Amino acid sequence: MTQSKNSMLTTRRQFLSRSLQGGSCIATAAIFGPHVAWGNEPRFCYQSANDKLNLVAIGVGNKGRHNVDQIQNHNWVAFCDVDENFLNACHQQHPAAQTFRDYRKMFDKLSNRIDGVVVSTADHTHAPATSIALSLDKHVYCEKPLTHTVAEARAIRQLAHKHKVATQMGIQIHAESNYRRVVEFIRSNAIGQITEVYTWCNKGWSNGRFAEAAEKKPSSLDWDLWLGPASDRVYSENVHPANWRRFWEFGSGTFGDMACHIMDLPFWALDLKSPTKVTATGPELHAVGTPSHCLATYEFPMDNRGSLKFHWSDGGSHFDLVKSTLDHQGQSLANWGLGVLFVGENGMLAADYGRCQLLPEEKFADFRSPERTIPDSIGHWNEWLRACQTGEPTTCNFDYSGRLTETVLLGIVAFRAEHEFSWDPETMSIQDNPRAQDLLTKEYRSGFEVIGLADSRVPV
């Protein structure tokens, strides 16, 4: 696996990270209270559930601002954003917080004051910012997808495990009641052994194209910091703040945007880990912009039950079974904006964010719902806040969400590599598709590397 030579250098932040790891708990024991054991070597001293956390947010526009607004009754110490307009708007609501344009400078200045970090930047910046926070023993809430590359997903999983802090990926639907009921249905064997799964989303992020210097860069935006780890290029007005998902360099289209939300449900219900084979098709690959649609298929080993075929489609493109299966109103499931179809030996179950339907309906007319075994969530953000204070695990911690993100990104790799491949999760290797192997990682501009990336080949 290749990576930038600069990522092998010891940066000032990495030195700070290593110097803090050894003694931060001892130094703060009087403030934060006793250790809460989480693994064999707890690193963070958890606070009382009644204490307020000192938090910072990296990225406070759009979804970032929404995340800030969801977290009440805690101290916002600082906000960081490359766009001064977003930064000022958030600061007006929390005037006591400091403001920064560069998250690296924020960590350098405020590290000793921070308990937790909320990362809501564009995808390509998730891992660089998150890796610094984890290396400094900070709790992290990061938006989906957790990372931009497969190698980053493994590195962030490893860092989170090493530093044993509270983590949560922002797939908020995971906390809603309907997903929990679907998991109970599947695990109660309501439709028998699951043989196949279909997941889909009809929206589309596609056709990103750079329009270099077509318009003057707004004075509020630090374009160089927005690029972060991406290659240096002239300002393009059609990227920030709303269209970056259309570009491979910054996002991954609809696949990267939505699959973590939707694939999460079967991933959770079936306790999936890593696929062993991946293939994807769609329109002709473009070097810069993401496609209008994509269809991908994964194969997952299922203990002694052979393999599970797991499908994803986006942009309004669907597999035949989704198009031909009807809901209770007689409409094709393809008309749902998004959804999941579990295919079992004894029937099917269709679900989206708020619906759950056993099919064919007449077969399950007298079916009694299984007993509720999964308690309702206290809220996706509150799960993380409680974990920061008590050490209680979250439902979308970076071990779980790292595996999910890795799986999603492997489908994107298959599309970009234009050929199926076999995946060895133990060694993180693809022997039958060199192009796919190269796409597991990427190059980084100096100063924006991902801490721990060189050691990201860890057992799954």
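Treat the numbers as computed from the prediction; the structure is a model and nothing was measured.

A. Inspection of the overall build of the protein chain at higher detail. Scanning the protein chain from terminus to terminus reveals 14 helices and 14 strands. Each of the 460 residues in the protein chain was classed as buried or not, and the buried ones make up 58%.

B. Here's a closer look at the side chain of Q168. You can see Q168 is positioned in strand β6 (residues 167–170). In this structure Q168 comes out as buried when scored by relative accessible area, which is 0%. Side-chain polar atoms of Q168 contact the side chain of E383, separated by 3.2 Å. For Q168, the contacting residues outside a window of four places in its chain are V140, Y141, C142, H380, E383, W384, T394, T395, C396, N397 and F398.

C. Representation of the sheet that holds strand β7 (residues 194–201) within the structure. With mixed pairing, 8 strands are arranged side by side in an open sheet as β13-β12-β11-β7-β10-β9-β8-β14. Every interior strand has two partners, whereas the edge strands, β13 (356–359) and β14 (421–422), have only one. Across 7 bridges, the pairing between β7 and strand β11 (residues 338–344) is antiparallel. From the neighbouring strand, T199 faces β11, where its bridge partner is V340. Of the strands in this sheet, β7, β9 (294–301), β10 (307–314), β11 and β12 (347–351) are in contact with helix α10 (residues 253–269), which crosses β10 at around 150°.

D. Structural context of the packing of helix α3 (residues 63–70) against helix α4 (residues 84–93). At a minimum axis separation of 11 Å, α3 and α4 run at an interaxial angle of 10°. The angle between α3 and α4 places the two elements in the roughly parallel class. In terms of crossing hand, the pair formed by α3 and α4 is right-handed. Packed against α3, whose contacting residues are R65, V68 and D69, the element α4 presents A89, C90 and Q93 at the interface. Of the residues in the contact of α3 with α4, the class split is 3 nonpolar, 1 polar and 2 charged.

E. Inspection of the nonpolar core at higher detail. Of all hydrophobic cores here, the largest spans 110 residues; its most connected members are F107, W226, F255 and F342. Per element, the largest residue contribution to this core is 11 residues, and it comes from helix α13 (residues 398–417). Beyond its immediate sequence surroundings of up to four residues, W226 is in contact with V82, A122, H124, T125, L221, V239, H240, W244 and F250. Ranked by size, the runner-up nonpolar core spans 19 residues in total, among them V60, I71, C90 and A97.

F. Examining the packing of helix α6 (residues 123–135) against helix α7 (residues 150–163) more closely. Where α6 meets α7, the axes come as close as 9 Å, and the angle between the chain directions of the two elements is 15°. With respect to α7, the axis of α6 lies roughly parallel. In this structure, α6 crosses over α7, and the sense of that crossing is left-handed. Residues A127, T130, S131, L134 and S135 of α6 pack against E152, I156, L159, A160 and H163 of α7. When its residues are assigned to classes, the contact of α6 with α7 shows 5 nonpolar, 4 polar and 1 charged.

G. View of the pairing of β9. Burial of β9 is extensive: 6 of the 8 residues sit out of reach of the surface. Pairing analysis gives 5 bridges linking strand β8 (residues 277–281) to β9, with the strands arranged antiparallel. Residue A280 lies in a different strand from β9, and its bridge partner there is A296. Bridge analysis of β9 against β10 gives 8 bridges, and the strand direction is antiparallel. Note that in β10 the partner of Y298 across the bridge is F310. Counting the residues between successive antiparallel strands, the hairpin from β9 to β10 contains 5 residues, one of them, D303, with a positive phi of roughly 50°.

H. Broad picture of the confidence of the model for the protein chain. Summarising the model, the protein chain shows a mean pLDDT of 89, and 88% of its residues fall at 70 or more. Note on residues 1–43: pLDDT under 50 across the span, and 77 contacts to partners over four residues away in sequence or across chains.

I. View of the packing of aromatic side chains. On inspection of all chains with the given rule, the structure shows 19 aromatic pairs. Each ring, one from W76 and one from F79, has its centre 5.6 Å from the other, and the planes form 35°; the classification is tilted. F79 gets classed as buried once you look at its relative accessible area, which sits at 0%. Measuring from centroid to centroid gives 4.7 Å for W226 and F250, while their planes differ by 75°, and the two rings are edge-to-face. Here W226 is found in helix α9 (residues 223–227), whereas its partner F250 is found in the loop between α9 and α10, with 24 residues between them in sequence. Like F250, W226 is buried. Seen from the ring of F448, R104 lies directly overhead, with NZ or CZ sitting 4.1 Å from the centre. Between the NZ or CZ atom of R233 and the centre of the ring of F210, over which it lies, the distance is 3.8 Å.

Scoring rules and cut-offs
- Residues numbered from 1 in each chain as written.
- Predicted model: local features only at pLDDT ≥ 70, side-chain atom pairs only at ≥ 80, totals over all residues.
- Heavy atoms only, no water.
- Helix = DSSP H or I, 4+ residues; strand = E, 2+ residues; numbered from the N terminus.
- Buried < 20%, exposed > 50% of the residue type's maximum accessible area, 1.4 Å probe, protein only.
- Polar contact = N/O pair within 3.5 Å; in protein donor to acceptor, adjacent residues only side chain to side chain.
- Contact = heavy atoms within 4.5 Å.
- Pairing = 2+ DSSP bridges.
- Axes fitted to C-alpha atoms, helices over the stretch in contact; angles between N-to-C directions.
- Parallel < 35°, antiparallel > 145°, perpendicular 65-115°, else oblique.
- Left-handed = near helix turned anticlockwise from the far one by under 90°.
- Nonpolar A, V, L, I, M, F, W, Y, C, P; charged D, E, K, R; others polar.
- Core = buried A, V, L, I, M, F, W, Y, C linked by side-chain atoms within 4.5 Å.
- pLDDT = per-residue confidence, 0-100.
- Phe/Tyr/Trp six-rings, centres within 6.5 Å; stacked < 30°, edge-to-face > 60°.
- Lys NZ or Arg CZ within 6 Å of the ring centre and 35° of its normal.

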